[in-house]
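Per-entry structural report
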Amino acid sequence: MRSRPKRQFLLLGVSAFSLITANSPAFAQTTDTEDQGGFTEIVVTAQKRAQSLNTVGLSINAADGEKLNNLGIRDTGDLVKIAPGLTFTKSQDGTPLFTIRGVGFNDYTLGASPAVSVYVDQIPLAYSAFTQGATLDLERVEVLKGPQGILFGQNSTGGAINYIAAKPTQELVAGGKISFGRFNTLDMEAFASGPVSDKLALRLAAGTTQSGDWQESYTRDASIGQQDILRGRFQAAWEPTDNLSLLFSANGWLNKSDTQAAKLVGLKLQQDASSPGNYDPVETARRVAAFRAYPLAPSSARAADWDEGRDLSRDDGMYQLSLRADWDITPGITITSLTSFTKFNQNYNLDRDGTTLQNAGVRSRGSVKSFFQELRASGNSDTLNWVVGGNYATNDVITRDTFLVNDSTNTAIIPGIGVDGATTTLTQDIRDIAIFANAEFELTDSLTILAGGRYTESRNNSSACIVGLPGHAQTFYLLSQALSGDTTQAPPDKNTCVAFNSDDSFRLVRDPFYSTLKEDNFSWRAGLNYQASSDLLLYGLVSRGYKSGSFPTVPASQTSQYQPVTQEYVTAYEAGVKATLLDRKVQVNAAVFHYDYRDKQIRGAVIDPIFNQLEQLVNIPKARINGAELDITVRPTSGLTLRAAGTYVDSKVQEFTGINNDRVNGNYRGSDLPFSPKWQFVGDAEYRFALNDNLGAFVGANVLSNSKTNSTLGNPQSSIIKNFATLDLRAGIEGADEKWSVSVWGRNVTNTNYWTNQFATQDVIVRYSAMPVTYGVSATMKY
């Protein structure tokens, strides 16, 4: 356990409670919802204009800020509690990864574009690592399923998550919430909003998460898992004229938490005691014996192990500045500009292998500078809504990942000279330019046709270089002499890039690997909405979305491992219904879908002639996904809300021959896609009732259930993610005016032992466990 500086924590706590107890007038926070009899209707902006959720011909899960707070949703990964079909996992390096309906990208490279894009107020968070502070002070969140990119800032094949932050108000309001739970976890959030003048309003929000260790070593007296996260957002809304509005936002976060330790559940040795080929038999046998003697982790979710003497923490941070301008040039036409600049830094240490052996240690240093500009015009009339525009984005990415492998069975090659590790430096200069248009035309009062398209050009200039720790360069040099037969090569300098040529000649390449990936694509969609009545929508939608290609961060032996994957695309067919029934007491949303998935990107493997299994990005030529969704919400009586929602996904590889992460070379036709559970279910029940004229109460429960899935192709035992179900409970009291509440809660109250990722890496099979049971008390207040 490491001590934490508490000054910033105490200052935030003082500011939070000063906001809550400020002597300010009582104004209710404004929202975009309207009471519609049985239900509170949520207005969404999935098509870049305000629409009732039940009139949008698209699969969307949405929740307002109050619902997110009640469910304990603190980060993007928690959205699985409201959105069946959404899968969250951590990559091998702890990067958050999202999959929707079987479409996702399991890669930890910092500059890898995601298959599921995330936005805050339509401003893109270009990479999944940026998303940690997105849930601060929200009005609502929307999870859009299926290919997106026609109307949003970057292409995606799986879907989009659109956060809408609470905005500055012309009324003075303030509030906050505080929660304390197991592992001494303290969550606090506070906001203040109000006018400076009748033209200018400001909003300030801040939050923190602080906790003690939650993981415990099962081989020694040690613990890990502290959290130390700060989040903040400042907004200024200015309306200098009646037809011009500006919204400036500055937001950011700092994360100094521990990285998660892996749990050792099996062995997958790269070399055995016989040590074939060029390996040092004595040293390799010693390493093999050390792994075979290492005890596997007990079943407890808290049990793990990690390298001794390493500071396995993060020092990551991000800030983003954005400006939105809306200019109503006529009563029916608006020009909108979105501009943002983002700076991200990561600095973390991680142990992948779940042992004290130095086998899969990682030191990662990286940075990203992102610029985004969108300019669009939109308009509406009695029968037509349209938008046309373009955007431009640049991302300058640098990563330096050091892989520590001096106890691995595949690195004791030449007696007395070990490959202790190596640092891979990857730079990417990425530029995207796009133009887009979309239109919705009412053919009749009940029938609307929609069509849209987006043309995108992408360019990625990349360089990759691997420089070894002591012994690495000399090992490669001696191996090259022995295997290539060329003894005329000069020894490489210790700071020189070193890798074997990709032509299997084993000649040394001493220069960085330079490559440029240029791609272009045309995304499109076409649909038909039939509003049979004010309470019934039938829709059909066909769309195609792309995800750009990507270069990997890998500890390469040959330069061929640096090659990128090319862009993937999904053609999606969907039909659905949204029906409000029984005097607005029942809401039923249902959809069926078929995806034609081409060139899916995955992190696969190559069998290296020296080091055995090494990683490489590959494309799956052809796959398909069939599925269905059903979402039912019922309000049978005043105060009682019941929801049951489920997704069925049947994913299959139709064409791919290669090597999976389990080192099995085969034909994977018929294999399920990774991180694609066949069944996902979400259930929620809440009952609110009055205790007296001044006091109300509530009780609630949330259920999440996933069937089994896998982290690689072929469903090997080393990659199985078993089925699980969790139960969360909550209960509390609140003021009749809903300006304060106190509640108790429990999450995963049955203490289900489950995990979100399991994989083979180096010599081991490990998993990342999900949190065990947690419980605590929360309070909210607003003025």
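See above for the structure.
For the structure given in this document, a descriptive report is provided here. Counting restarts for each chain: residues are numbered from 1 in the order of the written sequence. Restriction of local features to residues with pLDDT of at least 70 applies here, the model being predicted, together with a cutoff of 80 or more for giving and counting side-chain atom pairs; totals for whole chains, interfaces and linings are based on all residues. In computing side-chain values, all of the structure's heavy atoms are included and hydrogens and water are not.

Some remarks on the overall build of the protein
- Counting secondary structure elements, the protein contains four helices and 45 strands.
- The globule rule used here is 2.2 Å times the number of residues to the 0.38 power, and the radius of gyration it is set against is calculated over C-alpha atoms. A globule of 783 residues ought to have a C-alpha radius of gyration of about 28 Å, and the protein, at 27 Å, matches this closely.
- Overall, the protein is about 85 × 55 × 45 Å in size when its C-alpha atoms are taken along their principal axes.
- Whether a residue is buried, partly exposed or exposed follows from its accessible area with a 1.4 Å probe, protein chains only, as a fraction of its type maximum: under 20%, in between, or over 50%, in that order. Looking at the protein as a whole, 59% of its 783 residues are labelled buried. Secondary structure elements follow DSSP: runs of H or I of four or more residues count as helices, runs of E of two or more count as strands, with numbering from the N terminus.

Quick word on the sheet that holds strand β11 (residues 159–165)
- Read from one edge of the open sheet, five strands run β5-β10-β11-β8-β9, paired in mixed fashion. The open sheet has two edge strands with one neighbour each: β5 (60–64) and β9 (123–125). Adjacent strand axes in the sheet meet at a mean angle of 20°, parallel and antiparallel pairs treated alike.
- Where strand β8 (residues 116–120) lies against β9, three bridges are found, and the strand directions are antiparallel. Bridge assignment links Val-118 to a residue of β9, and that residue is Leu-125. We call two strands paired when DSSP finds no fewer than two bridges between them. Note on geometry: axes are C-alpha line fits, over the in-contact stretch for helices, and angles between N-to-C directions span 0 to 180 degrees.

Side note on the packing of aromatic side chains
- Between rings of Phe, Tyr and Trp, where Trp is taken as its six-membered ring, a pair exists when centres lie within 6.5 Å; planes separated by under 30 degrees are stacked, by over 60 edge-to-face, and by other angles tilted. In total, this model carries 15 aromatic pairs according to the counting rule given.
- Centroid distance Tyr-319 to Phe-341: 6.3 Å. Interplanar angle 50°. Geometry classified as tilted. Here the residue Tyr-319 occupies a position in strand β21 (residues 316–330), and Phe-341 occupies one in strand β22 (residues 333–351), the gap between them amounting to 22 residues.
- The partly exposed category is assigned to Tyr-319, whose relative accessible area is 39%.
- Note on Phe-341: relative accessible area 30%, which makes it partly exposed.
- Where Phe-500 meets Phe-506, the ring centres are 5.4 Å apart and the plane angle is 75°; that geometry is what we call edge-to-face. Neither residue differs from the other here; Phe-500 and Phe-506 are each classed as buried.
- Put simply, the rings of Tyr-127, Phe-130, Trp-253 and Phe-344 pair up and form one aromatic cluster.
- When the NZ atom of lysine or the CZ atom of arginine is within 6 Å of a ring's centre and also within 35 degrees of its normal, the charge is said to sit over that ring. The cationic tip of Arg-101 hangs over the ring face of Phe-593; the distance from NZ or CZ to the ring centre is 4.0 Å.

Looking at the state of the cysteines
- Pairs of cysteine sulfur atoms within 2.5 Å are identified as disulfides in what follows. A full pass over the atoms with the stated rule returns one disulfide.
- In this model Cys-465 forms its disulfide with Cys-497; the gap between the sulfur atoms is 1.8 Å. The sign of the S-S torsion, about -105°, decides the handedness of the disulfide formed by Cys-465 and Cys-497: left-handed. Remark: Cys-497 occurs in the loop between α4 (472–484) and β27 (499–500) and Cys-465 occurs in strand β26 (residues 447–468); sequence separation between them is 32 residues.

Things to note about the pairing of strand β25 (residues 421–442)
- Pairing of strand β24 (residues 384–404) with β25, which is carried by 21 bridges, proceeds in the antiparallel orientation. Pairing of Thr-402 across the sheet is with Thr-423, part of β25.
- Bridge count for β25 against β26 is 21 bridges, and the pairing is antiparallel. Its bridge partner lying in β26, Thr-425 is registered against Cys-465.
- Hairpin geometry of β25 and β26 is characterised by an intervening segment of four residues between the two adjacent antiparallel strands.

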